[in-house]
Amino acid sequence: MEQNRRNFLKASGLIAGGAILSPLAGYGYNSAVGDTIKVALIGCGGRGTGAAAQALSTTQNVQIVAMADAFKDRLDDAYKNLTAKKYKDAAGKPVDIKLKVDVPDDRKFVGFDAFKKAIALKDVDVVILATPPGFRPSHFEEAVKNNKHIFMEKPVATDAPGIRKVLELAEEAKKKKLNVVVGLQRHYQANYREAIKRIHDGALGDIVGGQVYWVGSSPWMKERQPNQTEMEYQMRNWYYFNWLCGDHISEQHVHNIDVANWVKNGYPVSIQGTGGRQVRTGKAYGEIYDHHTLDLVYADGTVISSQCRQFEGTWNRVDEAFVGTKGRIDSFDDKKTILKDYKGGVIYHHDNSNYRNPYQVEHDELFAAIAKGEYKFADAENGAKSTMTSIMGRMATYSGKQIKWEEALNSDINLFPDKLAWDASPKIVPGPDGLYPVAIPGKTQVI
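Parameters at a glance
Residues numbered from 1 in each chain as written. Predicted model: local features only at pLDDT ≥ 70, side-chain atom pairs only at ≥ 80, totals over all residues. Heavy atoms only, no water. Helix = DSSP H or I, 4+ residues; strand = E, 2+ residues; numbered from the N terminus. Rg over C-alpha atoms; globule rule 2.2 N^0.38 Å. Buried < 20%, exposed > 50% of the residue type's maximum accessible area, 1.4 Å probe, protein only. Contact = heavy atoms within 4.5 Å. Areas by Shrake-Rupley, 256 points an atom, 1.4 Å probe, with all protein chains shown as cover. Lys, Arg positive; Asp, Glu negative; His and termini not counted. Charge placed at Lys NZ, Arg CZ, Asp CG, Glu CD. UniProt positions renumbered as here; feature names shortened; annotations may be inferred. Polar contact = N/O pair within 3.5 Å; in protein donor to acceptor, adjacent residues only side chain to side chain. Pairing = 2+ DSSP bridges. Axes fitted to C-alpha atoms, helices over the stretch in contact; angles between N-to-C directions. Expected span 1.5 Å × (residues − 1). Core = buried A, V, L, I, M, F, W, Y, C linked by side-chain atoms within 4.5 Å. Domains from an automatic or database assignment. Phe/Tyr/Trp six-rings, centres within 6.5 Å; stacked < 30°, edge-to-face > 60°. Lys NZ or Arg CZ within 6 Å of the ring centre and 35° of its normal. Right-handed = clockwise from strand over helix to strand, strands pointing away. Parallel < 35°, antiparallel > 145°, perpendicular 65-115°, else oblique. Left-handed = near helix turned anticlockwise from the far one by under 90°. pLDDT = per-residue confidence, 0-100.

**A look at the overall build of the protein chain**
Each helix and strand counted, the protein chain has 13 helices and 15 strands in total. Computed over the C-alpha atoms, the radius of gyration of the protein chain is 22 Å, within 12% of the 22 Å expected from 2.2 N^0.38 for a compact globule of 447 residues. The dimensions of the protein chain, computed from C-alpha atoms along their principal axes, are 65 × 65 × 40 Å. When burial is assessed residue by residue, the protein chain has 54% of its 447 residues classed as buried. Restricting the contact set of the protein chain to residue pairs at least 6 apart, pairs at least 24 apart contribute 73%. In the structure as shown, the protein chain presents an accessible area of about 19200 Å², 50% of it carried by carbon and sulfur atoms. Across the protein chain, the centroid of the 58 positively charged side chains sits 2 Å from that of the 54 negatively charged ones.

Structural data, given as C-alpha cells:
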C-alpha cells in the first residue's frame, strides 16, 4: 500500500515485458524522484504558508522545492516561517528542516510571472495554488498544462469567464488523471461527510429548506502606503477588490453555500437577494459589500436562505441547518451534528471523539493518493460550480435582480485587468474623493 511512485510505475506501467504505458505515466507521476513528493508553493501569504505546512505534516516524504509570489517580502516571510517550524516524520521523530524545505534562491520566484517559472520545474510533482483567487484560473491552467497534481484554495475564480476556464480545465485534468483537491475543507471533515451521507441516503426525507450562514466580523485591512501604485495597493489590500477577491460572499461564504449545494446534490437555478455597505464605507474598503442576504432556489423549488455579513459587535454564526420531510439538522457544530425526527428522536449523532482537522485531512488524503500512484480526487468541477453560485449571489445583490444560472455562467463581464504590471491600472480605480465606485442595485449591470 505504501509503494513509492517508482515502484508503482514499474509494476503497472510494464505488462509482460512490453512497453504498454500506464494511463498515469507522463501525467505528474515522475518516476525520477523516487519516493519524495516535491511541491511548488504559489502564493506565499498566510493561507499559502499554512497549506505548505500542512503538506509537510503529512506522513509522506514531502519537500517544498520552489516558491513563487508577486511580492518578495511575502515570499521571504513564508520561507522564514516554514523553516522555523519544527517537523516530525511519520514515526514522530524530528526531521532536519533542510529535508523538508529545500528552496535555494534560484528556486524563489518573484513577480507576476513567477508562478510559471515555479510550475515549469520538471521535478515538481504537486503545486499549491494559494494566491488571491482572481489569479486562480490562469495558475490552474499552467498547472494542468504542466501535468502537476494540484491543491488549490477556494474560491477558484472571481467572475464567470474565470469559472468557464476552470470548468474546461477540470475536464482536461480528469483526462490526464491529475489529482485536484480544492480547499472546501468541509468535504474532508468527518461530521459533514457522515451526516450528509445519511441525508443523501434519505434519513431526513426530501430536503425542503435550510439556512446557511457566515455571519462574523471584518478581516484584515491594509492601509495605503506612500508611493504605492494603484496596482500594488489593490494587490496588498486584495480582500476589498472584486477582481482579486470576488467579495466576501465568494471568498468566505462560499464554504456555506457549497454545503447547501452538497446537501441538495445540485446547484441553484436562480438567486435573488439584497446587500450593501452599511458599516464599512471608507476608502480602505474598496468596492465590496459588507452584507449579503440571498434566496437560493433549486430545481425542485426548494429555497435555501443564505446570510453573510462582516459587522463588529453583532451576533455571529458560521454554520448550516436543513429541514427535510422526515426530520432536520440544526447545526454542523462538531459537538452538535445531530439528525433528528420531528418527535425529537435521534436519527444520527456524530461521534466526534476522533476529530481530525479537515485542513490537514485534505492534504493527508491528497498526498497519500499521490504516493500510492492513485488517481482519486477531481474537486475542480464542484469547486467551480459552488464558486459560481457565490458569484451569482453577488450578481443578485449588486443588481437587485433575480439571476438565473445560465445567464450568470454565460456573463461576459471580465473583472481582470487588461495588463498585469505594477504601473498598469486595474479596471476599478478611486474617484477624486478617494472612494471607489460601488454597485447600486437597480442600476448596476452584472450580465
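Back to the text.
**Description of the UniProt feature "domain: GFO/IDH/MocA-like oxidoreductase" (unreviewed entry) in the protein chain**
Sequence positions flagged by UniProt for "domain: GFO/IDH/MocA-like oxidoreductase" (unreviewed entry) are, in local numbering, residues 192-329. Structurally, residues 192-329 comprises 22% helix and 31% strand, and the distance from its first C-alpha atom to its last is 11 Å.

**Regarding the side chain of S411**
By the secondary structure assignment, S411 is in the segment after α13 (405-409). A distance of 3.3 Å separates a polar atom in the side chain of S411 from the backbone nitrogen of I413. The contact partners of S411, leaving out residues within four places of it in the chain, are A160, P161, R164, M395, V446 and I447.

**Brief notes about the sheet that holds strand β2 (residues 62-69)**
Read from one edge to the other, the open sheet built from six strands follows the order β3-β2-β1-β4-β5-β6, with strand pairing classed as parallel. Sheet topology places β3 (108-110) and β6 (180-182) at the edges, where each strand pairs with a single neighbour. Recorded for the sheet is a direction-independent mean angle of 15 degrees between the axes of neighbouring strands.

**As for helix α11 (residues 358-371)**
With 14 residues, α11 extends 20 Å between its outermost C-alpha atoms, agreeing within 8% with the 20 Å of an ideal straight helix rising 1.5 Å per residue. With 13 of 14 residues buried, α11 is to be regarded as a mostly interior element. One or two steps after α11, the chain reaches G373, where phi turns positive at roughly 75 degrees.

**Some words on the nonpolar core**
With 90 residues, the main nonpolar core has F140, I150, M152, I163, M235, F322 and M388 as its most contacted residues. Ranked by residue count, the leading element in this core is helix α12 (residues 380-399), at eight residues. Each of two domains, domain 1 (37-186) and domain 2 (189-351 + 378-410), supplies a minimum of three residues to this core. Discounting chain neighbours no more than four positions away, the residues touching F140 are L129, I150, M152, V166, L169, A170, V180 and A380.

**Concerning the packing of aromatic side chains**
Scanning the model with the defined rule gives 19 aromatic pairs in all. With centroids separated by 4.5 Å and ring planes inclined at 5 degrees, the aromatic side chains of Y192 and F332 adopt a geometry described as stacked. With Y192 in helix α7 (residues 190-200) and F332 in the loop between β12 (327-329) and β13 (338-341), this pair connects stretches of sequence that are 140 residues apart. As far as the burial class goes, Y192 and F332 line up, both buried. Among the aromatic residues, those joined into a ring-pair cluster are W220, W238, Y239, Y240 and Y285. Over the ring of F71 we find R236; its NZ or CZ atom is 3.7 Å from the centre of that ring.

**Notes on the pairing of strand β4 (residues 126-129)**
Of the two faces of β4, both are covered, the one formed by V126 and I128 as well as the one formed by V127 and L129. Alignment of β4 against strand β5 (residues 149-152), held across four bridges, turns out to be parallel. Of the residues in β5, the one forming a bridge with V126 is H149. The β-α-β motif built from β4, the intervening helix α5 (residues 136-145) and the parallel element β5 has right-handed crossover chirality.

**Overview of the packing of helix α2 (residues 46-56) against α11**
In the contact formed by α2 and α11, the axes pass within 9 Å of each other and the chain directions differ by 55 degrees. The orientation of α2 relative to α11 falls into the category oblique. For the crossing formed where α2 meets α11, the hand is right-handed. Residues R47, A51, Q54 and A55 of α2 pack against Y359, Q360, H363 and F367 of α11.

**Focus on the environment of F140**
If you trace the backbone, F140 turns up in helix α5. Relative accessible area serves as the criterion here: at 0%, F140 is assigned to the buried category. Sequence-wise, F140 and Y398 are 258 residues apart; in three dimensions their C-alpha atoms are separated by 28 Å.

**Here's the deal with the sheet that holds strand β8 (residues 270-276)**
In any sheet, the strands associate via hydrogen bonds between backbone groups, in a parallel or an antiparallel arrangement. Spatially, nine strands are ordered β14-β13-β12-β11-β7-β10-β9-β8-β15 in an open sheet, and the strand pairing comes out mixed. The strands lining the two open edges of the sheet, one partner per strand, are β14 (346-349) and β15 (403-404). Helix-sheet contacts for α12 involve β8, β9 (291-297) and β15, and the interaxial angle to β8 is about 60 degrees.

**A word on the environment of S386**
Secondary-structure assignment places S386 in helix α12. Look past the residues within four positions of S386 in its chain and what remains in contact with it is V254, I257, D258, N261 and Y267. A polar atom in the side chain of S386 sits 3.2 Å from the side chain of N261.

**Some details on the pairing of β13**
Summarising the sheet, β12 and β13 pair through three bridges and their orientation is antiparallel. Bridging across to β13, R328 finds its partner in K340.

**Let's talk about the confidence of the model for the protein chain**
On average, residues of the protein chain score 92 in pLDDT, and 92% of them are at 70 or above. Overall, residues 1-33 carries pLDDT values under 50, and its contacts beyond four positions in sequence, including any with other chains, amount to 66 contacts.

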